[in-house]
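Examining the three-dimensional arrangement
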Amino acid sequence: MSIKVGDKIPNVDLSYMSESGPETISTGDIFNGKKVVLVAVPGAFTPTCSMSHLPSFVEHAAEIKAKDVDTIACVSINDAFVMSSWGKDQSVGDDIMMLADSAGKFTEAIGQAVDLGRLGLGVRSQRYAMIVEDGVVTSFDLDEPVEVAEQTKADKILAKL
């Protein structure tokens with residue numbers, strides 16, 4: 001079942017790269033008591049994700065955070081090493097938390113897994129963006145097909161904040 005507005009984010013562990021290496025973080029630690037913009041991409045270093053989707057959030061990060069957003073996070077079914085390298089490549093700095101859903105457990109739990117074998121990617125995440133306030137989804141947008149980033153780019157999310 002696909003996550004929708006009004007749903008609580010399930011408690012699942014994700015990972016990120018800290019100064020000392022990969023670290024595990026629960027979704028509760030990410031979302032509870034905070035206002036978070038979460039953007040999901042099918043894959044780090046893929047064309048649409050790298051040329052337009054994530055760059056839109058890098059470009060608008062200050063404006064988004066000015067809307068009382070505590071965290072902007074990007075999640076993908078990749079490992080923490082790949083997400084960290086992609087974040088450096090995209091110059092996200094401290095503006096965007098790069099989260100790895102390496103086993104796809106979060107993606108599965110919110111009903112956003114998609115088989116992208118036709119693109120040579122295997123099971124990945126749908127392209128979506130959501131606004132979460134204190135662990136509850138207040139806005140959810142999905143781009144279909146996954147190769148397109150229209151409804152989930154930063155300017156569209158900024159208008160909803």
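Here, the structure is the one placed above.
Residues numbered from 1 in each chain as written. Predicted model: local features only at pLDDT ≥ 70, side-chain atom pairs only at ≥ 80, totals over all residues. Heavy atoms only, no water.

**Re the packing of aromatic side chains**
Each aromatic ring pair is specified by the distance between its two centres and by the angle formed by the two planes. Tallying each qualifying case throughout the model produces two aromatic pairs. Their ring planes at 50° and their centres at 6.4 Å tell us that F45 and W86 sit as a pair that is tilted. With a gap of 41 residues between them, F45 in the loop between β3 (35-40) and α2 (47-65) and W86 in helix α3 (residues 80-89) connect regions that are remote in the sequence. In this structure W86 comes out as buried when scored by relative accessible area, which is 0%. (Phe/Tyr/Trp six-rings, centres within 6.5 Å; stacked < 30°, edge-to-face > 60°. Helix = DSSP H or I, 4+ residues; strand = E, 2+ residues; numbered from the N terminus. Buried < 20%, exposed > 50% of the residue type's maximum accessible area, 1.4 Å probe, protein only.)

**Considering the layout of surface pockets**
For the largest pocket, the calculated volume is near 310 Å³. Around the largest pocket, the lining is made up of 18 residues, and of these V92, G93, I96, M97 and M98 lie nearest the centre. (1 Å grid on protein atoms, 1.4 Å probe; cavity = no way out; pocket = protein on both sides within 12 Å on 5 of 7 lines; lining within 4 Å. Points joined across faces, edges and corners; volume = space filled by probe spheres on them.)

**Remarks on α3**
Taken together, the buried positions of α3 are occupied by A80, M83, S84, W86 and G87. Buried residues of α3 fall within an arc of 165° about the axis and therefore sit on the same side. The outward face of α3, more than 90 degrees from its buried face, is lined by the exposed residues F81 and K88. Sitting at the amino-terminal end of α3 is D79, which places a side-chain oxygen 2.9 Å from the backbone nitrogen of F81. (Arc of directions from axis to C-beta. Polar contact = N/O pair within 3.5 Å; in protein donor to acceptor, adjacent residues only side chain to side chain.)

**Describing unusual backbone geometry**
Keep in mind that most residues, glycine aside, have a negative phi and that most peptide bonds are trans. The phi dihedral of F45 falls on the positive side, at around 65°, and the residue is not glycine. Taking relative accessible area as the criterion, F45 reaches 46% and is therefore assigned partly exposed. Backbone geometry places D68, a non-glycine residue, at a positive phi of 65°. Using a relative accessible area of 62% as the deciding quantity, one classes D68 as exposed.

**Topic: the pairing of β3**
Successive side chains on a regular strand alternate, one facing one side of the sheet and the next facing the other. In terms of burial, β3 is largely enclosed, as six of its six residues are buried. Here β3 shows no split at all, with K35, V37 and V39 on one side and V36, L38 and A40 on the other all buried. Bridge count between β3 and strand β8 (residues 127-133): six bridges; the pairing is antiparallel. Along β8, the bridge assignment pairs L38 with M130. Note: β3 against strand β4 (residues 71-76), five bridges, orientation parallel. Note that in β4 the partner of V39 across the bridge is C74. Considered for its hand, the β-α-β crossover made up of β3, α2 and β4 is right-handed. (Pairing = 2+ DSSP bridges. Right-handed = clockwise from strand over helix to strand, strands pointing away.)

**Quick word on the environment of V146**
Mapped onto the secondary structure, V146 falls in the loop between β9 (136-143) and α5 (154-160). By relative accessible area, which is 5% here, V146 ends up buried. In this structure, the C-alpha to C-alpha distance between V146 and G43, residues 103 residues apart in sequence, is 10 Å. Among residues more than four places away in sequence, those in contact with V146 are P42, L116, R118, L119, S125, Q126 and R127. (Contact = heavy atoms within 4.5 Å.)

**With respect to the pairing of strand β5 (residues 97-100)**
Across four bridges, the pairing between β4 and β5 is parallel. Its bridge partner lying in β5, V75 is registered against L99. The parallel pair β4 and β5 is bridged by α3, and the resulting crossover is right-handed.

**Some thoughts on the environment of D101**
Relative to the helices and strands, D101 is located in the loop between β5 and α4 (105-109). Along the backbone, D101 and G28 are 73 residues apart, and their C-alpha atoms lie at a distance of 15 Å. The residues touching D101, leaving out its near neighbours within four places in the chain, are L14, V75, S76, I77, N78, F106 and T107. Among the polar contacts listed, one links the side chain of D101 to the side chain of T107, at a separation of 2.6 Å.

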